[in-house]
Amino acid sequence: MSNWYNKVRQDTNYILEAIQKHPFITQLMDGTLPDDVFRFYINQDALYLAEYKKNLAAVGIKCNKSSETQYFLDAATGIIAVENALHQVFLKNEILDKEPSPTCELYTSYLTKIINNHSLEEGLAAILPCFTIYKEIGDYILKHQNNKDNNPYQDWINTYGGTAFEESVNKATAIVNKYANNASETILQNMEQAFIKASKLEWLFWDSAYNKEQWKI
Ligand SMILES: Cc1ncc(CN)c(N)n1
């Protein structure tokens, strides 16, 4: 049985490497990322997750098996609740800017478009990098950092490098692989395009946070 995720993971390796080398991630890893940049990111991430949660539920509802639907509904409440709690560690109930950055708007709108207007398989492929890339980055930082005792961003790193997140990522990946196994050649191509686009949007999200992206007008 072929493994769809392993193939697209290889095809998008260059995006993952670009994320690993991005100053947002290198400075997060060595603990020197400016506080205002991280807070900008957390703020935008809170806005992103509020929409992503709905997208997970929408994909889940379209799935054929009730266990798959249940998984995505649980993820929409469970994982997102963990991430929201993580945000509070850093934001400390500070009032959030309610305006999504252009990139945040682009990423959430892209997912909503694919999920609502395209096939279930493409929707599944589009939501997957949000799981897999964060796990990869969490694992990567945990493996390469040498400051676990005094990195101000350690709670963030531990969340995405942790086993609870890993289990959830593995389940999501297994569901997407299952649908890919039964998909036509055209659908497989569309799935790959959606996975690539969402992976690029992950890179863009960190880049936009690093530059504290604003609406130009
Ligand atoms: C933009 C983004 N992508 C992914 C994740 C991990 N759920 C996140 N918190 N934010």
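Residues numbered from 1 in each chain as written. Predicted model: local features only at pLDDT ≥ 70, side-chain atom pairs only at ≥ 80, totals over all residues.

Taking an unreviewed UniProt entry as the reference, the chain is identified by name as Aminopyrimidine aminohydrolase belonging to Olleya sediminilitoris. One UniProt comment on the chain, placed under Sequence similarities (unreviewed entry), says "Belongs to the TenA family." A UniProt comment under Pathway (unreviewed entry) is attached to the chain, and it reads "Cofactor biosynthesis; thiamine diphosphate biosynthesis." (UniProt positions renumbered as here; feature names shortened; annotations may be inferred.)

S.K.: Would you mind showing me how to read the overall build of the chain here?
M.R.: Looking only at helices and strands, one finds 10 helices and zero strands in the chain. Scanning the chain from its N terminus toward the C terminus, one meets helices and strands in the order α-α-α-α-α-α-α-α-α-α. Rg of the C-alpha trace for the chain: 17 Å, near the compact-globule value of 17 Å for 217 residues, within the 12% margin. Referenced to the eigenvectors of the C-alpha coordinate spread, the extents of the chain come out at roughly 45 × 40 × 30 Å. A buried classification covers 36% of the 217 residues belonging to the chain. The contacts in the chain between residues at least 6 apart in sequence include a share of 79% that link residues at least 24 apart. (Helix = DSSP H or I, 4+ residues; strand = E, 2+ residues; numbered from the N terminus. Rg over C-alpha atoms; globule rule 2.2 N^0.38 Å. Buried ≥ 20, exposed ≤ 12 C-beta atoms within 10 Å, placed from the backbone. Contact = placed C-beta atoms within 7 Å.)

S.K.: Even after reading the chapter, I still don't get the site of the ligand, so can you show me in this structure?
M.R.: Taken together, Asp-45, Tyr-48, Leu-49, Glu-83, Cys-130, Tyr-134, Glu-202 and Phe-205 form the complete shell of residues around the ligand. Counting residues per element, the shell around the ligand draws most heavily on helix α4 (residues 35–62), at three residues. For the shell around the ligand, the per-class residue count stands at five nonpolar, no polar and three charged. (Near = placed C-beta within 6 Å. Nonpolar A, V, L, I, M, F, W, Y, C, P; charged D, E, K, R; others polar.)

S.K.: Looking at this structure, how should I read the nonpolar core?
M.R.: Nonpolar side chains in soluble globular proteins tend to end up buried together. Among the nonpolar cores identified, the biggest contains 56 residues, and Leu-124, Ala-125, Ala-126, Ile-127, Leu-128 and Val-176 are the most heavily contacted of them. Among the elements that line this core, the one with the most residues is helix α7 (residues 120–144), at 10 residues. Excluding its chain neighbours within four sequence positions, the residues that come into contact with Ala-125 are Val-176, Met-191, Ala-194 and Phe-195. (Core = buried A, V, L, I, M, F, W, Y, C linked by C-beta atoms within 7 Å.)

S.K.: Any chance you could explain helix α3 (residues 23–30) here in plain terms?
M.R.: Working note: α-helix, 3.6 residues per turn, so residues spaced by three or four point in the same direction. Looking only at α3, the buried set comprises Phe-24, Leu-28 and Met-29. Relative to the axis of α3, the buried residues are bounded by an arc of 125 degrees and lie together on one face. On its buried side, α3 packs onto α7 and α10 (185–210). Immediately beyond the C-terminal end of α3, within one or two residues, lies Gly-31, with a positive phi of roughly 85 degrees. (Arc of directions from axis to C-beta.)

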